[in-house]
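Geometric and topological summary
One letter stands for each residue in the lines below.
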Amino acid sequence: MRNIVAGNWKSNKSINEARERIAVMGAAMGSMPKDVRVMIAPPAPYLSELSGGERNGILIAAQQVSAFSDGAYTGEFTANMLVSCGVDFALVGHSERRADFGESDEIVAKKVRRCIDAGLGVVLCCGENLASRDNGSQESVIKAQLVSAFEGVSSEEMAGVVVAYEPIWAIGTGRTASAAQAAEMHSFIRSYLADRFDEDIAFRTSILYGGSCKPSNADEIFRSPDVDGGLIGGASLDTSDFQLIIKSDSSL
Ligand code: PGA
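Attention in this report is confined to the structure presented alongside it. Per chain, residues are indexed from 1 in the order of the written sequence. In view of the model being predicted, local features appear only for residues whose pLDDT reaches at least 70, and side-chain atom pairs are presented and counted only at 80 or more, with totals across whole chains, interfaces and linings using the full set of residues. With hydrogens and water excluded, all non-hydrogen atoms of the structure serve as input to the side-chain values.

A separate point is helix α10 (residues 215–222). For α10, the complete set of buried residues consists of N217, A218, I221 and F222. For α10, the angular spread of buried residues about the axis comes to 125 degrees, placing them on one side. Any two residues having at least one pair of non-hydrogen atoms within 4.5 Å are treated as being in contact. Secondary structure elements follow DSSP: runs of H or I no shorter than four residues count as helices, runs of E no shorter than two count as strands, and numbering proceeds from the N terminus. If you follow the buried residues of α10, they end up packed against β1 (4–8), α8 (179–196), β7 (207–210), β8 (229–232) and α11 (239–248). Think of it in three bands: with a 1.4 Å probe and only protein chains considered, a residue is buried below 20% of the maximum accessible area for its type, exposed above 50%, and partly exposed in between. Arc definition: it is the arc formed by the directions from the helix axis to the C-beta atoms.

It is worth spelling out the pairing of strand β6 (residues 161–165) at this point. A large share of β6 lies buried, amounting to five of its five residues. Of the two faces of β6, both are covered, the one formed by V161, V163 and Y165 as well as the one formed by V162 and A164. At least two DSSP bridges between two strands are required for those strands to pair. Across five bridges, strand β5 (residues 121–126) lies against β6 in parallel orientation. Residue L124 lies in a different strand from β6, and its bridge partner there is V163. Pairing between β6 and β7: three bridges, direction parallel. From the neighbouring strand, A164 faces β7, where its bridge partner is L208.

The nonpolar core is taken to be a set of buried Ala, Val, Leu, Ile, Met, Phe, Trp, Tyr and Cys residues, with the residues joined through side-chain atoms within 4.5 Å. Of all hydrophobic cores here, the largest spans 66 residues; its most connected members are F150 and I189. By residue number, the principal contributor to this core is α8, which donates seven residues. When neighbours within four sequence positions are excluded, F150 is seen to be in contact with L124, M158, V161, V163, Y192, L193, R196 and F197. In this structure, F89, V123, V162 and A164 belong to the second largest nonpolar core, which totals 14 residues.

Ring pairs (aromatic) are described by centroid distance and by the angle formed between their planes. Ring pairs shown here join Phe, Tyr and Trp side chains whose ring centres sit within 6.5 Å, with only the six-membered ring taken for Trp; geometry is labelled stacked below 30 degrees between planes, edge-to-face above 60, and tilted in between. Evaluation of the coordinates by the stated rule reveals three aromatic pairs. Plain terms: the ring middles of F68 and Y73 are 4.1 Å apart, the flat faces sit at 10 degrees to each other, and that makes the pair stacked. Residue classification places Y73 among the partly exposed residues on the basis of a relative accessible area of 35%. Ring geometry for Y165 against Y209: centres 6.4 Å apart, planes inclined by 55 degrees, an arrangement best described as tilted. Of this pair, Y165 sits in strand β6 while Y209 sits in strand β7, and the two are 44 residues apart along the sequence. The class of Y165 is buried, set by a relative accessible area of 0%. Its relative accessible area of 0% is what places Y209 among the buried residues. Positioned above the aromatic ring of F203, the side-chain terminus of R2 is 5.2 Å from the ring centre. Stacked on the ring of F197, the Lys or Arg R196 has its end atom at 4.3 Å from the ring centre. Over a ring means this: the NZ of a Lys or the CZ of an Arg is within 6 Å of the ring centre and within 35 degrees of the ring normal.

A word on the side chain of N8. You can see N8 is positioned in strand β1. By relative accessible area, which is 5% here, N8 ends up buried. Of the polar contacts made by the side chain of N8, one reaches the backbone nitrogen of K10; its length is 3.0 Å. Once you skip the residues sitting within four places of it in the chain, N8 turns out to touch A41, Q63, L91, H94, L231, I232, G233 and S236. Polar contact is the term for a pair of N or O atoms within 3.5 Å; when the atoms are in protein, one must be able to donate a hydrogen and the other to accept it, and sequence-neighboring residues count only if both atoms are side-chain atoms.

Our focus in this paragraph is the site of the ligand. Nearness here has a simple test: a residue counts as near a molecule or strand if at least one of its heavy atoms is within 4 Å of that partner. Around the ligand sit 13 residues in total, of which K10, H94, E166, G172 and S212 are the nearest. Taking G233, its main chain carries an N or O atom lying 2.9 Å from an oxygen atom of the ligand. To measure how exposed things are, a 1.4 Å probe is used in the Shrake-Rupley method; for residues, cover is taken only from the protein chains shown. Considered on its own, the ligand offers 280 Å² of accessible surface; in the complex 96% of this is hidden by protein. Residues are grouped as follows: Ala, Val, Leu, Ile, Met, Phe, Trp, Tyr, Cys and Pro are nonpolar; Asp, Glu, Lys and Arg are charged; all remaining types, including Gly, are polar. In terms of residue class, the shell around the ligand is made up of four nonpolar, seven polar and two charged.

Contact geometry of helix α5 (residues 105–118) with helix α7 (residues 138–149) gives a least axis separation of 8 Å together with a crossing angle of 45 degrees. As far as their axial angle goes, α7 and α5 are oblique. Seen along the crossing, α5 lies across α7 with a hand that is right-handed. Packed against α5, whose contacting residues are D105, E106, V108, A109 and V112, the element α7 presents A144, Q145, S148 and A149 at the interface. To define axes, lines are fitted to C-alpha atoms, for helices over the stretch in contact only, and angles between the resulting N-to-C directions are given on a 0 to 180 degree scale. Oblique is the label for every angle not falling under 35 degrees (roughly parallel), over 145 degrees (roughly antiparallel), or within 65 to 115 degrees (roughly perpendicular). Each crossing gets its handedness from the near helix: less than a right angle anticlockwise from the far helix is left-handed, clockwise is right-handed.

Our next topic: the sheet that holds β5. Strand order in the closed barrel made by the eight strands is β1-β2-β3-β4-β5-β6-β7-β8, with parallel pairing throughout. Each strand axis lies, on average, 25 degrees off the axis of its neighbour in the sheet, ignoring direction. Of the strand pairs in this sheet, strand β4 (residues 89–92) and β5 are connected by four bridges, and their pairing is parallel. By the bridge assignment, F89 is partnered in β5 with G121. Packed onto the sheet, α7 meets β5 and β6 and runs at close to 150 degrees relative to β5.

Okay, structure coming up:
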């Protein structure tokens, strides 16, 4: 199943609000489309509790993960630890991590490797900034990010990998890529995966769109055959909006 809608709560919500929202989402899962997997990435301190509790099929993701393995790395949490807490995925290479926490392509690649080795799913985020979009280099920017992130990754290992295309100029800005821009970039990413791995991997890999996706534009963005769902920031904080976006992703 390729369709996934993931909510990235970023650094928002208290533990009580998080509990309440997971409970509301869990209760709503019965009325969510059966062809869409639902994922939530809450703040790290809540991961263990939320992944270990009643979650009715909701996948739980960490918003980031350490590039190191277990050891003397004060403050880090590792892929092994996340797996031991029952966490399913980690977002890797989110643009806010790249821009605000100095995560280079090299660090992103290390994180991808840690997750794969630990058996943790990866949502690999890629995206160009406004300058690259304006000078037309978006495809080469995305390609460079993917080449680096997937260095040494085998076809078999791609089974645990989801790609999220998130143009940086559209994240949290209210400015969304047009459906045509999203379709074009997703198709570019899928053909890259076909070249780098094979057609089958390209077909099976979920490619999510992220960047000011909301109920009013999700239908149009998700209509492209290469857009398999979304990585939703702001609009995932409102449970009703998030549910509407999940429903927009159904192809049934
Ligand atoms: P946004 O965030 O939906 O608020 O633009 C998307 C993301 O950063 O994953």
